[in-house]
Amino acid sequence: MPDSILAGRDRTDLGNGMSLRLLSALEVLQARREAAELAGEDRERALCSNACLLARALERTEDHSPVFSDGRAVLAGLTVGEVAALAARWSQFNREEDPGLELDGQELENVKKNSVRTPESACGGGC
(Lines give C-alpha, C1' and ligand atoms only; values in the text may rest on other atoms or scores of the structure.)
Protein backbone atom coordinates (compact mmCIF):
# COMPACT_ATOMS: atom_id res chain seq x y z
CA MET A 1 0.00 0.00 0.00
CA PRO A 2 1.39 3.45 -0.79
CA ASP A 3 1.75 5.83 2.13
CA SER A 4 -1.65 6.73 3.52
CA ILE A 5 -2.69 10.37 3.38
CA LEU A 6 -4.37 10.07 6.79
CA ALA A 7 -2.30 7.55 8.72
CA GLY A 8 0.57 8.66 10.90
CA ARG A 9 2.65 5.52 10.33
CA ASP A 10 2.08 2.74 7.82
CA ARG A 11 4.03 0.08 9.77
CA THR A 12 4.73 -0.93 13.34
CA ASP A 13 7.78 -2.97 14.30
CA LEU A 14 7.12 -6.09 16.38
CA GLY A 15 10.73 -6.25 17.56
CA ASN A 16 11.35 -9.77 16.25
CA GLY A 17 12.33 -9.05 12.67
CA MET A 18 8.70 -8.66 11.66
CA SER A 19 6.31 -5.75 11.37
CA LEU A 20 2.63 -5.17 10.79
CA ARG A 21 1.49 -2.75 8.12
CA LEU A 22 -1.77 -1.00 7.46
CA LEU A 23 -3.82 -2.50 4.65
CA SER A 24 -5.63 -0.78 1.84
CA ALA A 25 -9.40 -1.12 1.62
CA LEU A 26 -8.93 -3.49 -1.34
CA GLU A 27 -6.58 -5.73 0.66
CA VAL A 28 -9.13 -5.95 3.48
CA LEU A 29 -11.84 -6.95 1.00
CA GLN A 30 -9.52 -9.56 -0.53
CA ALA A 31 -8.78 -10.95 2.94
CA ARG A 32 -12.50 -11.22 3.68
CA ARG A 33 -13.16 -13.04 0.42
CA GLU A 34 -10.27 -15.44 1.00
CA ALA A 35 -11.55 -16.11 4.54
CA ALA A 36 -15.05 -16.86 3.24
CA GLU A 37 -13.59 -19.51 0.94
CA LEU A 38 -11.32 -20.93 3.66
CA ALA A 39 -13.91 -21.19 6.43
CA GLY A 40 -15.84 -24.44 6.39
CA GLU A 41 -18.41 -23.24 8.93
CA ASP A 42 -19.57 -19.87 10.22
CA ARG A 43 -17.84 -20.45 13.56
CA GLU A 44 -14.50 -20.72 11.72
CA ARG A 45 -14.91 -17.39 9.94
CA ALA A 46 -13.33 -15.14 12.62
CA LEU A 47 -10.17 -17.24 12.85
CA CYS A 48 -9.91 -17.48 9.06
CA SER A 49 -10.52 -13.74 8.68
CA ASN A 50 -7.75 -12.94 11.12
CA ALA A 51 -5.39 -15.38 9.40
CA CYS A 52 -6.09 -13.90 5.96
CA LEU A 53 -5.61 -10.38 7.30
CA LEU A 54 -2.27 -11.36 8.86
CA ALA A 55 -1.13 -12.97 5.62
CA ARG A 56 -1.29 -9.50 4.09
CA ALA A 57 -0.22 -7.39 7.07
CA LEU A 58 2.67 -9.38 8.59
CA GLU A 59 5.98 -8.62 6.90
CA ARG A 60 9.69 -9.11 7.41
CA THR A 61 11.05 -5.80 8.67
CA GLU A 62 14.21 -5.89 6.56
CA ASP A 63 12.67 -6.09 3.09
CA HIS A 64 8.90 -5.80 3.69
CA SER A 65 8.34 -9.24 2.15
CA PRO A 66 5.32 -11.22 3.39
CA VAL A 67 5.96 -13.77 6.13
CA PHE A 68 3.11 -15.98 4.89
CA SER A 69 1.82 -16.59 1.38
CA ASP A 70 -1.86 -16.73 2.32
CA GLY A 71 -4.34 -17.34 5.14
CA ARG A 72 -3.94 -21.11 4.95
CA ALA A 73 -0.18 -20.73 5.54
CA VAL A 74 -0.89 -18.53 8.59
CA LEU A 75 -3.23 -21.20 9.99
CA ALA A 76 -0.58 -23.86 9.41
CA GLY A 77 2.25 -21.80 10.92
CA LEU A 78 0.74 -20.09 13.95
CA THR A 79 -1.29 -21.18 16.94
CA VAL A 80 -4.82 -19.91 17.52
CA GLY A 81 -3.48 -17.72 20.33
CA GLU A 82 -0.77 -16.23 18.12
CA VAL A 83 -3.28 -15.44 15.38
CA ALA A 84 -5.60 -13.78 17.91
CA ALA A 85 -2.82 -11.77 19.57
CA LEU A 86 -1.33 -10.52 16.28
CA ALA A 87 -4.76 -9.67 14.87
CA ALA A 88 -5.59 -7.71 18.05
CA ARG A 89 -2.28 -5.86 17.79
CA TRP A 90 -2.97 -5.02 14.14
CA SER A 91 -6.48 -3.83 15.01
CA GLN A 92 -5.15 -1.53 17.75
CA PHE A 93 -2.44 -0.19 15.42
CA ASN A 94 -5.03 0.40 12.70
CA ARG A 95 -7.29 2.34 15.10
CA GLU A 96 -4.39 4.46 16.37
CA GLU A 97 -2.81 5.30 13.02
CA ASP A 98 -5.70 5.34 10.57
CA PRO A 99 -8.09 7.92 11.99
CA GLY A 100 -10.74 7.46 9.33
CA LEU A 101 -13.83 9.54 10.03
CA GLU A 102 -12.88 10.34 13.62
CA LEU A 103 -10.99 13.53 12.69
CA ASP A 104 -12.09 16.77 14.28
CA GLY A 105 -12.50 19.88 12.14
CA GLN A 106 -8.93 21.19 12.50
CA GLU A 107 -7.35 17.76 11.88
CA LEU A 108 -9.48 17.34 8.76
CA GLU A 109 -8.41 20.76 7.44
CA ASN A 110 -4.74 19.85 8.03
CA VAL A 111 -5.18 16.61 6.09
CA LYS A 112 -6.82 18.49 3.23
CA LYS A 113 -4.00 21.04 3.09
CA ASN A 114 -1.26 18.41 3.31
CA SER A 115 -2.76 16.04 0.74
CA VAL A 116 -3.12 18.54 -2.11
CA ARG A 117 -0.08 19.08 -4.30
CA THR A 118 0.71 22.61 -5.27
CA PRO A 119 1.31 23.19 -8.97
CA GLU A 120 4.92 23.72 -9.96
CA SER A 121 5.81 26.71 -12.08
CA ALA A 122 8.70 27.25 -14.43
CA CYS A 123 10.09 30.09 -12.36
CA GLY A 124 11.15 27.82 -9.46
CA GLY A 125 9.52 30.02 -6.82
CA GLY A 126 11.51 33.12 -7.72
CA CYS A 127 8.73 34.89 -9.66
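Residues numbered from 1 in each chain as written. Predicted model: local features only at pLDDT ≥ 70, side-chain atom pairs only at ≥ 80, totals over all residues. Heavy atoms only, no water.

**Student:** Tell me about the packing of helix α2 (residues 45–57) against helix α4 (residues 80–97), and name the residues and values.
**Tutor:** Contact geometry of α2 with α4 gives a least axis separation of 9 Å together with a crossing angle of 65°. Between α2 and α4 the crossing geometry is left-handed. Judged by residue contacts, L47, N50, A51, L53, L54 and A57 of α2 engage V80, V83, L86, A87 and W90 from α4. Considering only residue class, the contact of α2 with α4 consists of ten nonpolar, one polar and no charged. (Axes fitted to C-alpha atoms, helices over the stretch in contact; angles between N-to-C directions. Helix = DSSP H or I, 4+ residues; strand = E, 2+ residues; numbered from the N terminus. Left-handed = near helix turned anticlockwise from the far one by under 90°. Contact = heavy atoms within 4.5 Å. Nonpolar A, V, L, I, M, F, W, Y, C, P; charged D, E, K, R; others polar.)

**Student:** Residue-level account of the environment of A85, with values.
**Tutor:** Among the structural elements, A85 can be located in helix α4. According to the relative accessible area criterion, A85 is partly exposed, its value standing at 48%. A C-alpha to C-alpha distance of 9.9 Å links A85 and N50, two positions 35 residues apart in sequence. (Buried < 20%, exposed > 50% of the residue type's maximum accessible area, 1.4 Å probe, protein only.)

**Student:** So what's going on with the nonpolar core? Residues and values would help.
**Tutor:** The biggest cluster of nonpolar side chains holds 15 residues, and the ones touching the most others in it are L20, L54, L58, V74, L78, L86 and W90. For this core, the elements supplying multiple residues, two or more each, are α2 and α4. Ranked by the residues each element gives to this core, the list is headed by α2, at five residues. Among all residues touching L54, those that are not within four sequence positions of it are L20, V74, V83, L86 and A87. Counting six residues, the second-largest nonpolar core is a separate cluster that includes A35, L38, A39 and C52. (Core = buried A, V, L, I, M, F, W, Y, C linked by side-chain atoms within 4.5 Å.)

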